[in-house]
Amino acid sequence: MGFPVTRFVLAALAAMALVVGIGNMTRHLANPDEGRYSEISREMAASGDWITPRLNGIKYFEKPPLQYWATAAAFKAFGESEVSARLYVGLAGLATLLLTGFAAWRLRGPAASLAAMLVLLSSPYYMALAGIVTLDIGLTLWTSATFFALLLAGQADEGNQPRARRRWMLAAWAAMALAVLSKGLVGIVFAGAAVFFVMVLARRAAILRRMEWGWGLAIFLVIAAPWFVAVSAANPEFARFFFVHEHFERFLTQSHRRVQAWWFFLPILALGLLPWLLALPSAVAAAWRSEAGERFPALRTCLLWSAFIVVFFSASGSKLPAYVLPAFPPLALVLGAYLAGAPERRLAAFLALVIPVSLALAAYGAYLPDTARDGWTRAMYAAAQPWAVAAALILLGATLAAAAMLWRGRRWGALVAMAFATVLMLECVRNAYEHLSPRQSGYQVAQAMKPYLGPATRLYSVAHYDQTLPFYIGRTLTLVAYVDEFETGQKAEPTLSIPDLESFRAEWQRPGDALAIMQPGAYEKLKASGLPLQVLHDDPRRVLVRKP
């Protein structure tokens, strides 16, 4: 199969990705991130307050509102559902994919463009996060847009195209503002790093004079500043919490209790690039050699910027797996430029790594039920096991087929095969998740609650908070003996929660219907104290009770 890949194959790949994507968007929301960010958006749409984000009715200032706004708008337009909750992240994932292909086309031609997009399509990590409700895929979109716009501005500058350079530079300012509205000041940090690397690699400080500071700053402030001004005026506690605690204290301290080793992101990066991981060192070397002496080394800038992202988050005192996602699009561009022209048989050898990995994953899938800590979880793992094994076997079969194609010189068929494999694997993972969802989602508990929910029914969450439950019942709950991420909001509005179990006892016995979901240990304490509790649902993670 020569280049370009036949329209039929690309159309089939797009159709399959669409079907799997729609299926993935309908699965039950998972704890914690999917429930948290979907519920904030639901409450924003229900209340009409687009300035102050609230989670479970309590002020929540950890992140800016761009994704909340987009998802709340989707709820208003299409109703509240898992599909609407995932619409923004799905579109952000698709837009990042297309943006990477567009930048690769402009910088390295159509073959590199298609290969770069196929690298992202064959990355299980990227494709999975493009369907999960977190803020990281939105940040990835807007930081990638900022970075690629800066690269294209530099390319236009080298080609003596001042109008094009100006347009791309202003686009970079706008994208940076949207990155800040996605996840805060990191949008400025990443943009500043990109400018620094361009300046160093091109050995020209003159780029600073061509940043369109006047119009650029105006565009940035018009987009980013209004919300920060409005939310600070409405909530005096916001500025200190958001700018100091959520940025500097989060980065420099371990206050969020997300402590990991310095190398935490390296295996994530390796697994994320798994099909082409062994090709990465050769791609890096080829990119560095190919741009020796060039006045504007775009691929070298991609490498340094992606490395900066990994190092930046590795130095942070708070680490979560999705943080490193913005490094994937520039790495995909570098890999795409290499895969489009490297000897096919060398690429076949690089795929050899995937064969033992897929066998190890199949073995782990076969052993999966034995990793459970209780019978409830073991039963779910056993139901999910066939899908986990199937995913590993699809990866193995696709790798063998792709390696054989490469050995015969069929480069594009092999790249498409790996992308097909990722799409099919994610469908298997979705089916496996359906069996695990009682453990990961509050959907079933919500169904047990709904027959007992009346307009005046009081709802409590005791020593426990299920992030997905408020979304599925369309109601908030009064928190009891639970703080965690609600500390700032509870201090601002202390009447919205109950501090301890003793205070809850009196509250529970007030006249009227009441339901409570609680941590099993709290249930045992309250039951032992003689508090009347009728159990409606229980599992190792939570107990749902009704006031008799």
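Further up the page is the structure itself.
Since the model is a prediction, treat every value here as computed from it, not as a measurement.

A. Inspection of the overall build of the chain at higher detail. Of the regular secondary structure elements, the chain holds 24 helices and 8 strands. Across its three principal axes, the chain shows a C-alpha extent of roughly 80 × 55 × 40 Å. If you take every contact in the chain between residues at least 6 apart in sequence, the share linking residues at least 24 apart comes to 73%. Per element, the accessible surface of the chain, about 22800 Å² overall, is 65% carbon and sulfur.

B. Geometry of the nonpolar core. In terms of nonpolar packing, the biggest core is built from 119 residues, with Trp276, Val324 and Leu339 touching the most fellow members. It is helix H19 (residues 411-440) that contributes the most residues to this core, 12 residues altogether. Ignoring any residue separated from it by four or fewer positions in sequence, one finds valine 324 in contact with Tyr125, Phe265, Ile268, Leu269 and Val310. In terms of nonpolar packing, the next biggest core, distinct from the first, is built from 29 residues, Ala446, Met449, Tyr465 and Phe471 among them.

C. Representation of empty space enclosed by the protein within the structure. By the definition in use, this model includes 3 cavities of 30 Å³ or more. Its boundaries defined by the atoms lining it, the largest cavity holds a volume of some 110 Å³. Lining the largest cavity are 13 residues; nearest its centre among them are Gly154, Asp157, Arg204, Ile207 and Arg210. For the lining of the largest cavity, the elements supplying multiple residues, two or more each, are helix H7 (136-158), helix H8 (162-183) and helix H9 (186-202).

D. Structural detail: H7. In this model H7 runs 33 Å from its N-terminal to its C-terminal C-alpha over 23 residues, within 8% of the 33 Å that 1.5 Å per residue would give. Count one or two residues on from H7 and you reach asparagine 160, which has phi positive near 55°.

E. Looking closely at the pairing of strand E8 (residues 542-546). Burial runs high along E8: 4 of the 5 residues are buried. Looking at chain direction, strand E6 (residues 514-518) and E8 are connected through 4 bridges and run antiparallel. When the sheet's bridge partners are listed, isoleucine 517 is paired in E8 with leucine 544. Sheet topology places strand E7 (residues 534-539) next to E8; 5 bridges connect them, and they run antiparallel. Bridge assignment links aspartate 538 to a residue of E8, and that residue is valine 543. Hairpin connection from E7 to E8: 2 residues lie between these consecutive antiparallel strands.

F. Examining the packing of aromatic side chains more closely. Using the criterion set out here, one finds 35 aromatic pairs in the structure. Where phenylalanine 312 meets phenylalanine 313, the ring centres are 5.2 Å apart and the plane angle is 75°; that geometry is what we call edge-to-face. With a relative accessible area of 9%, phenylalanine 313 lands in the buried category. Taken together, the ring pairs connect Phe147, Phe148, Phe190, Phe196, Phe197, Phe264, Phe265, Trp305, Phe308, Phe312, Phe313 and Tyr323 into an aromatic cluster. Residue placement shows arginine 27 over the ring face of tyrosine 433; its charged tip is 5.2 Å from the ring centre. If you follow arginine 345 out to its NZ or CZ, it ends over the ring of tryptophan 407, 4.3 Å from the centre.

Definitions and limits used
All residue numbers refer to position in the chain's written sequence, counted from 1. Under the rules for a predicted model, residues below a pLDDT of 70 receive no local features and side-chain atom pairs below 80 are neither given nor counted, while totals for whole chains, interfaces and linings still include all residues. Note: side-chain values were computed over all heavy atoms of the structure, leaving out hydrogens and water. Comment: elements are numbered from the N terminus, with helices defined as DSSP H or I runs of at least four residues and strands as E runs of at least two. Residues count as neighbours in contact if any of their non-hydrogen atoms are within 4.5 Å of one another. Note that accessible areas follow from Shrake-Rupley with a 1.4 Å probe, and for residues the cover is restricted to the protein chains shown. Working definition of a nonpolar core: buried Ala, Val, Leu, Ile, Met, Phe, Trp, Tyr and Cys residues. They are joined through side-chain atoms within 4.5 Å. Only protein chains enter the accessibility calculation, which uses a 1.4 Å probe. A residue is then buried if its area is under 20% of the maximum for its type, exposed if over 50%, and partly exposed in between. Space inside and on the surface of the protein is sampled on a 1 Å grid over the protein atoms alone, with a cavity defined as a set of points where a 1.4 Å probe fits but cannot get out and a pocket as an open set with protein on both sides within 12 Å along at least 5 of 7 lines; lining residues have an atom within 4 Å of a point. Grid points are joined across faces, edges and corners, and a volume is the space filled by probe spheres set on the points. Helices are assigned an expected span. That span is 1.5 Å times one less than the residue count. Strands are treated as partners if at least two bridges between them are detected by DSSP. Under the pairing criterion, centres of Phe, Tyr and Trp rings, with the six-membered ring standing for Trp, must be within 6.5 Å; the plane angle then separates stacked pairs below 30 degrees from edge-to-face pairs above 60, leaving the rest tilted. A ring is scored as having a charge over it whenever the NZ atom of a lysine or the CZ atom of an arginine sits within 6 Å of its centre and within 35 degrees of its normal.

By themselves, these are just geometric observations and shouldn't be taken as functional.
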